[in-house]
Amino acid sequence: MKEQKSRYYKFSEYLRKYFGVRVHKVTIDAGFSCPNKDGTKSSQGCIYCDNRGFSYPVRNTHQRQGTSNGTRILPKPIESQIKQGIEFARRRFKAEKFIAYFQAYTNTYAGIDVLKQTYDNVRKFDDIVAISIGTRPDCVDEDILDLIQTYTRDYEVWIEYGLQSIHNKTLKLINRGHLYEDFLKAIEMTKKRQHIKICSHVIIGLPDESKEDMLKTAKALGELKINGVKIHPLHIIKGTKLEELYKEGSYKPLGLDEYVHLAVEFLEFLSPDTVIQRITADCPREFLLAPEWILDKNRVLQEIEKRLLKEKRFQGRLCS
Ligand code: SF4
């Protein structure tokens, strides 16, 4: 185990090391649906899901409707979303290079031709250096991964698998529509392609999970030594099933201090080489019901740093 320069391996540090310039993600809504929303797996979606809460800075303002397996409704041409995202990131963050992030819904949920046509949009932009594809672990197969692998010749390529928890009882409770075993299978298939990097999304504070349950998820990810992790605190978006649970008193979100405490412990079980792409949430104020502290992202990050420093803890400290 080694101690990182920072107490956890920040994505910004990783990007500086690999690209040497300021790199920023440009988010894309490619118009895909999700099998957990379109009726294939379920029509309810995950209990916390409302993709409006995740889109930033280019928001889909059009109504997404009636999509079925692989049918795409483009909110806005992908090329203009990328162009607009690049201009915004150049202006706001002084970014020089960009990661095309296919973020909204399930970005491998279509036939190979449609996927290729979609991803190929990035080739129109010289300053894109990486591609990141967000998806579900039960929505990849060998053909899709072969296609994604072809982009590794010209780009750094990440695939982001939503896992949230390794516990099938939790996955059932939050209506994920897949099992932990689906995630393990996706990881195994992806790892056969050496150049695709894997990032996993996890949530701290899921209903009915104990601290031990959450740390078991961290430990499992530490053992898998995947390339990146996004850690989110569970928050309640208006209009979701989670809002109902919250209002009837059967779900209580974590307080800031509880989250900070758990996030620090979570980091300790991860491999020191796993890049932490995210450790808090982004949710527009108008969509958020609770907890309020989610909105103060800087404070959450500072509290995590403070706790790590004060207690002399660091990512990987407990990773075997
Ligand atoms: S897998 Fe993602 S897009 Fe689909 S319902 Fe769950 S959170 Fe929403």
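Residues numbered from 1 in each chain as written. Predicted model: local features only at pLDDT ≥ 70, side-chain atom pairs only at ≥ 80, totals over all residues. Heavy atoms only, no water.

Let's talk about the environment of leucine 171
Our working rule: Every helix listed is a DSSP run of H or I at least four residues long, and every strand listed is a run of E at least two residues long, numbered separately from the N terminus. Only protein chains enter the accessibility calculation, which uses a 1.4 Å probe; a residue whose area is less than 20% of its type maximum is buried, one above 50% is exposed, and one in between is partly exposed. The contact criterion used throughout is that any non-hydrogen atoms of two residues lie within 4.5 Å.
On the secondary structure map, leucine 171 appears in helix α5 (residues 168-173). Classification of leucine 171 by relative accessible area gives buried; the value is 1%. Placed 125 residues apart in sequence, leucine 171 and cysteine 46 show a C-alpha to C-alpha distance of 8.9 Å. In contact with leucine 171, other than residues within four places in its own chain, are Leu163, Ser165, Arg176, Gly177, His178, Leu179 and Tyr180.

Description of the packing of aromatic side chains
Rule in force here: Aromatic pairs are defined between Phe, Tyr and Trp rings, using the six-membered ring for Trp, whenever the two ring centres lie within 6.5 Å; interplanar angles under 30 degrees are classed as stacked, those over 60 as edge-to-face, and all others as tilted. Criterion for a charge above a ring: Lys NZ or Arg CZ within 6 Å of the ring centre, and within 35 degrees of the ring normal.
Taken as a whole and assessed by the stated rule, the structure comprises eleven aromatic pairs. An angle of 40° between the planes, with centres 4.6 Å apart, marks the rings of tyrosine 14 and tyrosine 18 as tilted. You can see tyrosine 14 and its partner tyrosine 18 sitting in helix α1 (residues 11-19), four residues apart, about one turn around the helix. The exposure class assigned to tyrosine 14 is buried, which follows from its relative accessible area of 3%. Connected via pairs of aromatic rings, a cluster forms that spans Tyr9, Phe11, Tyr14, Tyr18 and Trp158. One Lys or Arg, lysine 25, reaches over the ring of tyrosine 101 and ends 4.4 Å from the middle of that ring. One residue, lysine 197, lies across the ring of tyrosine 18, its end atom 5.1 Å from the ring centre.

Description of the site of the ligand
Under the convention used in this document: Nearness is defined per residue: one heavy atom within 4 Å of the molecule or strand is enough. Each residue receives one of three labels: charged for Asp, Glu, Lys and Arg, nonpolar for Ala, Val, Leu, Ile, Met, Phe, Trp, Tyr, Cys and Pro, and polar for the others, Gly being one of them.
With respect to spatial proximity, ten residues lie near the ligand, and among them Cys34, Gly45, Cys46, Cys49 and Arg136 are the closest. In the shell around the ligand, the residues fall into four nonpolar, three polar and three charged.

Regarding the pairing of strand β5 (residues 196-204)
Let me state the cut-off plainly: For two strands to be treated as a pair, DSSP must find no fewer than two bridges joining them.
Of all the nine residues making up β5, eight are buried; the element is thus mostly covered by neighbouring parts of the structure. Across seven bridges, the pairing between strand β4 (residues 156-164) and β5 is parallel. Across the sheet, residue tryptophan 158 finds its bridge partner in β5, namely lysine 197. Taken together, the six bridges between β5 and strand β6 (residues 228-233) define a ladder with parallel strand orientation. Each bridged residue has a counterpart across the sheet, and for isoleucine 204 the counterpart in β6 is proline 233.

Topic: the environment of methionine 214
Its place among the elements puts methionine 214 in helix α7 (residues 211-224). Separated by 33 residues in the primary sequence, methionine 214 and lysine 247 place their C-alpha atoms 24 Å from one another. Setting aside chain neighbours within four positions, we find methionine 214 in contact with Ile204, Gly205, Glu209, Leu262 and Phe266.

Description of the packing of helix α3 (residues 112-119) against helix α4 (residues 142-150)
As a reminder, the rule being used: Axis geometry follows a simple rule: fit a line to the C-alpha atoms, using only the stretch in contact for helices, then measure angles between N-to-C directions, giving values from 0 to 180 degrees. Angle categories are assigned with fixed cut-offs, so that under 35 degrees is roughly parallel, over 145 is roughly antiparallel, 65 to 115 is roughly perpendicular, and the rest are oblique. Less than a right angle of anticlockwise turn of the near helix away from the far helix marks a crossing as left-handed, whereas a clockwise turn marks it as right-handed.
Two elements in contact, α3 and α4, have axes whose closest approach is 11 Å; the angle formed by their N-to-C orientations is 25°. Classified by the angle their axes make, α3 and α4 are roughly parallel. α4 is crossed by α3, and the crossing has right-handed handedness. Of α4, the residues touching α3 (which contributes Ile112, Leu115, Lys116 and Tyr119) are Asp143, Ile144, Leu147 and Ile148. When grouped by side-chain class, the residues that make up the contact of α3 with α4 number six nonpolar, no polar and two charged.

Comments concerning α1
All buried positions along α1 are accounted for by Phe11, Glu13, Tyr14 and Leu15. Structurally, α1 contributes buried residues whose contacts are with β1 (23-28), β2 (97-102), β4, β5 and β8 (275-278).

Quick look at the confidence of the model for the protein chain
What counts here: Here pLDDT means the predictor's own confidence in every residue, given as a number from 0 to 100.
Predicted confidence across the protein chain gives a mean pLDDT of 92, with 91% of residues reaching 70 or more. Taken together, the stretch residues 53-70 has pLDDT below 50 and engages in 37 contacts with residues farther than four places along the chain or on a different chain.

Considering the environment of proline 137
With respect to the element layout, proline 137 can be found in the loop between β3 (128-135) and α4. Proline 137 gets classed as buried once you look at its relative accessible area, which sits at 4%. Counting along the chain gives 23 residues from proline 137 to glutamate 160, while the straight-line C-alpha distance between them is 8.8 Å.

Re the pattern of salt bridges
Keep this limit in mind: Whenever a carboxyl oxygen of Asp or Glu lies within 4 Å of a side-chain nitrogen of Lys or Arg, that contact is scored as a salt bridge.
Under the criterion given, the structure shown has 28 salt bridges. A salt bridge links glutamate 243 to lysine 247; the shortest N-O distance between them is 2.5 Å. One end of the pair is glutamate 243 and the other is lysine 247, both in helix α8 (residues 241-247) and four residues apart, which spans about a single turn. Among the charged side chains, a salt-bridge network with shared partners connects Asp257, Glu268, Arg307, Glu311, Arg313 and Arg317.

A few points about the sheet that holds β2
Pairing within the open sheet is parallel, and its seven strands lie in the order β1-β2-β3-β4-β5-β6-β8. The outermost strands of the open sheet, each flanked by one partner alone, are β1 and β8. Pairwise comparison of adjacent strand axes, ignoring direction, gives a mean angle of 25° for this sheet. Here β1 runs beside β2; their pairing, made up of six bridges, is parallel. Among the inter-strand pairings, isoleucine 28 is bridged to a residue of β2, identified as phenylalanine 102. Docked against the sheet, helix α2 (residues 78-93) engages β1, β2 and β3, running at close to 145° with respect to β1.

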